[in-house]
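# Analysis of the macromolecular model
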Amino acid sequence: MLRRSLALLAVVLVAGSVLAACGGGGGGDGGGGGRADVSKLRGNEWVLDQEASNLGTIGPTGTVTARFGENVVSGSAGCNNYSAPYEVDGSSLTLSAQIATTQRLCAGLIGGVESAYLARLAKARSYGIAGDVLTIETSAKAGPLVYRAVNADDALAGKWEVLNSFRPGAVTSPVPGSTLTAEFADGTISGNSGCNQYTGPYEASGTSITIGPLASTLRACADPAVGQQETEYLAALELARTFSVAGGNLNLFREDGGIAVTFAKA
């Protein structure tokens with residue numbers, strides 16, 4: 001009887017060891033079914049999927065981002081920039097409850113999304129990465145935050161047509177009958193600025209972008225309004241500092257977060 005009990009105990013111990021080996025480990029699966037991977041966490045610029053995160057939609061006037069440095073996470077909350085110390089341990093992710101932000105006044109929908117995002121991010125508990133999707137599980141009732149990795153070259157690639165662009169004091173649509181375009185390829189932007197062709201270098205990483213200096217042909221525009229628009233459009237391109245692709249549109253943003261140029265796929 002004693003021998004049979006000892007044999008049964010040995011079987012239980014072996015089975016328990018096998019289960020622990022298969023399911024244990026602090027660096028295993030994180031939130032959202034993904035796997036904790038610090039190198040991927042820190043190696044990408046992440047853009048919040050607002051719909052999947054149940055945060056509403058800021059639309060073309062802002063993008064929520066996160067970049068995890070060695071010890072600090074930072075990014076845009078849609079209107080203001082933010083930063084906070086963080087710690088990882090396996091799939092565990094915790095942030096400082098005090099998230100520092102710039103102090104730009106954010107009204108309406110943007111302000112509401114920003115406040116909700118920062119409040120939930122402060123309650124981060126774990127993370128997981130599956131493909132290009134980062135899921136941060138939180139203790140908030142609203143649930144996890146879901147991000148997608150940004151590949152700048154893929155996001156910008158192709159031909160675009162201007163929907164509107166910045167001019168001092170306003171964002172306006174193209175002059176009726178004129179078409180403004182842009183194509184991003186191999187570090188060069190080129191296109192039609194209304195009646196001339198233009199070209200120049202650009203650099204993009206994550207959601208950051210710089211464009212210019214731009215050069216154009218010197219054809220005189222028959223319509224003075226188109227000629228003025230051309231000057232303002234090229235200047236607006238060189239004001240771009242960040243970008244997002246939302247709803248099929250490419251949005252270039254100025255340093256203050258305002259629209260520089262909005263494009264639709266040509």
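For the structure, see preceding data.
Residues numbered from 1 in each chain as written. Predicted model: local features only at pLDDT ≥ 70, side-chain atom pairs only at ≥ 80, totals over all residues. Heavy atoms only, no water.

For the rest of this paragraph, the subject is the packing of aromatic side chains. One pass over the structure, following the stated rule, counts five aromatic pairs. Relative to Tyr147, the ring of Tyr117 has its centre 6.5 Å away and its plane inclined at 75 degrees; by these criteria the two rings are edge-to-face. One end of the pair, Tyr117, is in helix H3 (residues 108-121); the other, Tyr147, is in strand E9 (residues 145-149), with 30 residues separating them in the sequence. The exposure class of Tyr117 is buried, given its relative accessible area of 0%. Summarising the aromatic geometry, the rings of Tyr198 and Tyr233 are spaced 5.8 Å apart at their centres and angled 80 degrees between planes, so their arrangement reads as edge-to-face. A residue pair is termed long-range when its members are at least 10 positions apart, and Tyr198 in strand E14 (residues 197-205) and Tyr233 in helix H5 (residues 224-239) qualify at 35 residues. (Phe/Tyr/Trp six-rings, centres within 6.5 Å; stacked < 30°, edge-to-face > 60°. Helix = DSSP H or I, 4+ residues; strand = E, 2+ residues; numbered from the N terminus. Buried < 20%, exposed > 50% of the residue type's maximum accessible area, 1.4 Å probe, protein only.)

Right, let's get into the environment of Ala240. Note that Ala240 resides in the loop between H5 and strand E17 (242-246). For Ala240, a relative accessible area of 0% corresponds to the buried category. Taking the C-alpha atoms as reference points, Ala240 and Gly212, 28 residues apart in sequence, are found 9.7 Å from one another. Apart from residues no more than four positions distant in its own chain, Ala240 is found in contact with Ile209, Thr210, Ile211, Leu252, Phe253 and Ala260. (Contact = heavy atoms within 4.5 Å.)

So, about the pairing of strand E18 (residues 249-253). With respect to burial, E18 is a largely interior element, four of its five residues being buried. Relative to strand E19 (residues 259-265), E18 is paired through five bridges, and the arrangement is antiparallel. When the bridges of E19 are listed, Leu250 appears paired with Phe263. Here E18 hands over to E19 after five residues, with Gly257 in that stretch at a positive phi of 90 degrees. (Pairing = 2+ DSSP bridges.)

With respect to the element layout, Ser178 can be found in the loop between strand E11 (170-172) and strand E12 (181-185). In this structure, the C-alpha to C-alpha distance between Ser178 and Asp223, residues 45 residues apart in sequence, is 10.0 Å. Ignoring sequence-local partners within four residues, the contact set of Ser178 consists of Val226 and Gln229. Of note is the side chain of Ser178, whose polar atom sits 2.6 Å from the backbone oxygen of Val175. Polar contacts involving the side chain of Ser178 include one to the side chain of Gln229, which spans 3.1 Å. (Polar contact = N/O pair within 3.5 Å; in protein donor to acceptor, adjacent residues only side chain to side chain.)

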